[in-house]
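# Notes for the structure review
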Amino acid sequence: MTSLEAMASGVPAIACHGVGAFSAQIKDDETGRLVERDIAEALPDAPEDMLHDRAALTTAGHAAYTHVEQNFESKAKRRQLSRFVDPC
């Protein structure tokens, strides 16, 4: 869920490929970065790599927002997600 929250805020998400639902939520090198979980250095290096190219970071942020809006933002999806979140 945190990856969707980040992407809905226009922030590209970074996660390990093949872990949980991240591969279904994040489009690698389009809406964020999926790194191989077997390569220990890959995850900590991913944010730094993304920060070096501000234009690509901005493009990925816009793409992430659009991806969530088009695929996860609807009343039905919000109701589905709300079952997993306790109200504050």
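The structure we're discussing is the one just above.
Description of the structure in this document. In this numbering scheme, every chain counts its residues from 1 along its sequence in written order. Local features are withheld for residues below a pLDDT of 70 in this predicted model, meaning they are given only at 70 or higher, and side-chain atom pairs are given and counted only at 80 or more; totals for whole chains, interfaces and linings count all residues. Calculated side-chain values reflect all of the structure's heavy atoms, with hydrogen atoms and water omitted.

## Describing the pattern of salt bridges
- In the sections that follow, a salt bridge refers to a side-chain nitrogen of Lys or Arg positioned within 4 Å of a carboxyl oxygen of Asp or Glu. Per the counting criterion, the structure on display carries 1 salt bridge.
- Arg-33 is the salt-bridge partner of Asp-29, the closest N and O atoms lying 2.9 Å from each other.
- Only protein chains enter the accessibility calculation, which uses a 1.4 Å probe; a residue is then buried when its area is under 20% of its type maximum, exposed when over 50%, and partly exposed in between. Judged by relative accessible area, Asp-29 falls into the exposed class, the value being 58%.
- Taking relative accessible area as the criterion, Arg-33 reaches 22% and is therefore assigned partly exposed.

## Structural notes on the nonpolar core
- Residues grouped as a nonpolar core are buried Ala, Val, Leu, Ile, Met, Phe, Trp, Tyr and Cys residues, joined through side-chain atoms within 4.5 Å. Listed in full, the 9 residues of the largest apolar core are Leu-4, Met-7, Ala-13, Ala-15, Ile-26, Leu-34, Ala-64, Val-68 and Phe-72.
- Elements supplying a minimum of two residues to this core: helix 1 (2–8), strand 1 (13–17) and helix 4 (54–71).
- Leu-4 has contacts with Gln-25, Val-68 and Phe-72, leaving out every residue within four places of it along the chain. The numbering of helices and of strands both runs from the N terminus, where a helix is a DSSP run of H or I of at least 4 residues and a strand a run of E of at least 2. Whether two residues are in contact is decided by their heavy atoms, any of which lying within 4.5 Å being enough.

## So, helix 3 (residues 42–51)
- What helix 3 keeps buried is the set Ala-42, Ala-46 and Met-50. End-on, the buried residues of helix 3 take up no more than an arc of 70 degrees, which puts them together on one face.
- Looking at the packing, one finds that the buried side of helix 3 touches strand 1, strand 2 (32–36) and helix 4. Comment: arc refers to directions from the helix axis out to C-beta atoms.

## Some thoughts on the environment of Thr-31
- As for its position among the elements, Thr-31 is in the loop between helix 2 (22–25) and strand 2.
- Residue Thr-31 is classed as buried on the basis of its relative accessible area, which comes to 1%.
- In sequence terms Thr-31 and Thr-66 are 35 residues apart; their C-alpha atoms lie 9.0 Å from each other.
- With residues near it in sequence (within four places) discarded, Thr-31 still touches Met-7, Pro-12, Ala-13, Gln-25, Ile-26, Ala-60, Ala-63, Ala-64 and His-67.
- Under the rule applied, a polar contact is a pair of N or O atoms within 3.5 Å (in protein, one hydrogen donor and one hydrogen acceptor; residues adjacent in sequence only if both atoms are side-chain atoms). Here the side chain of Thr-31 touches Lys-27 through a polar contact of 2.8 Å, landing on its backbone nitrogen.

Everything listed here is a matter of coordinates, which is why it stays silent on function.
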